[in-house]
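Okay, here's what each chain looks like letter by letter:
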Amino acid sequence: MLHALTLILLCQLAGETVVLLTGLPVPGPVLGMLLLLGWLFLRGGISEEVGRTADTLLAHFSLLFVPAGVGVMLHWERLQGQWPAIAAALLLGTLLTLAVTALTMAGVQRLLATVSRRRRDAAGD
């Protein structure tokens with residue numbers, strides 16, 4: 001588990017470092033997870049140890065929301081004054097995310113159908 005946790009944290013550190021050095025407009029942890037994804041593709045999949053470690057981290061995922069809850073309580077007065085803008089941003093963000101997800105899924109399904117059809121046609125020739 002220590003090796004897997006070290007790998008995950010090193011990927012996050014690499015992502016943070018790249019963002020800091022290049023000024024990319026991407027959060028460091030996001031870039032780190034993309035680096036981890038690339039590493040896993042190069043290795044041919046997720047090892048059992050990395051899978052178990054990730055499952056353990058995800059089992060305690062709710063703990064990561066504690067700082068957000070503290071922030072809400074700390075800025076409660078500000079939230080009360082700006083709740084219409086916050087609610088609109090949450091609603092529009094959710095709707096936009098759902099729409100983009102649906103369009104992406106439809107595109108992937110079309111792409112997979114095209115690839116499958118081409119393979120059948122190639123096998124039939």
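Criteria and cut-off values
Residues numbered from 1 in each chain as written. Predicted model: local features only at pLDDT ≥ 70, side-chain atom pairs only at ≥ 80, totals over all residues. Heavy atoms only, no water. Salt bridge = Lys/Arg side-chain N within 4 Å of Asp/Glu carboxyl O. Helix = DSSP H or I, 4+ residues; strand = E, 2+ residues; numbered from the N terminus. Buried < 20%, exposed > 50% of the residue type's maximum accessible area, 1.4 Å probe, protein only. Patch = residues over 30% accessible without salt bridge, like charges linked within 9 Å, V, L, I, M, F, W, Y side chains within 5 Å. Areas by Shrake-Rupley, 256 points an atom, 1.4 Å probe, with all protein chains shown as cover. Axes fitted to C-alpha atoms, helices over the stretch in contact; angles between N-to-C directions. Parallel < 35°, antiparallel > 145°, perpendicular 65-115°, else oblique. Contact = heavy atoms within 4.5 Å. Nonpolar A, V, L, I, M, F, W, Y, C, P; charged D, E, K, R; others polar. Expected span 1.5 Å × (residues − 1). Arc of directions from axis to C-beta.

Let us now look at the pattern of salt bridges. It is possible for side chains of opposite charge to pair when their charged atoms get near one another. Under the counting rule described, the total for this entry stands at one salt bridge. Between Glu48 and Arg52 there is a salt bridge whose closest N-O contact spans 2.9 Å. One end of the pair is Glu48 and the other is Arg52, both in helix H3 (residues 48-59) and four residues apart, which spans about a single turn. Exposure remark for Glu48: the relative accessible area of 63% places this residue in the exposed category.

A separate point is a nonpolar patch on the surface. A surface patch of nonpolar side chains, about 610 Å² in accessible area, is lined by Val18, Leu24, Val26, Val30, Leu34, Leu37 and Phe41. Here the nonpolar patch takes four residues from helix H2 (residues 28-43), the largest share from any one element. Looking at where Phe41 falls in the secondary structure, it is placed in helix H2. Under the relative-accessibility criterion, Phe41 is labelled exposed at 65%.

This paragraph deals with the packing of helix H1 (residues 2-22) against H3. Running from N to C, H1 and H3 cross one another at 75°; their axes reach a closest spacing of 8 Å. It follows from the interaxial angle that H1 and H3 lie roughly perpendicular. Where H1 abuts H3, its residues Leu2, His3, Ala4, Leu5, Leu7 and Ile8 lie against Glu49, Val50, Thr53 and Leu57. Considered class by class, the residues forming the contact of H1 with H3 number seven nonpolar, two polar and one charged.

Turning to H3, a few remarks are in order. Taking 1.5 Å per residue as the helical rise, H3 with its twelve residues ought to reach 16 Å, and the 16 Å between its terminal C-alpha atoms agrees with that figure. Within H3 the residues assigned to the buried category are Val50, Gly51 and Thr53. One face of H3 carries all of its buried residues, which in axial projection span an arc of 165°. Exposed and oriented more than 90 degrees from the buried face of H3 are Glu48, Asp55 and Ala59. In the core, the buried residues of H3 are packed alongside H1.

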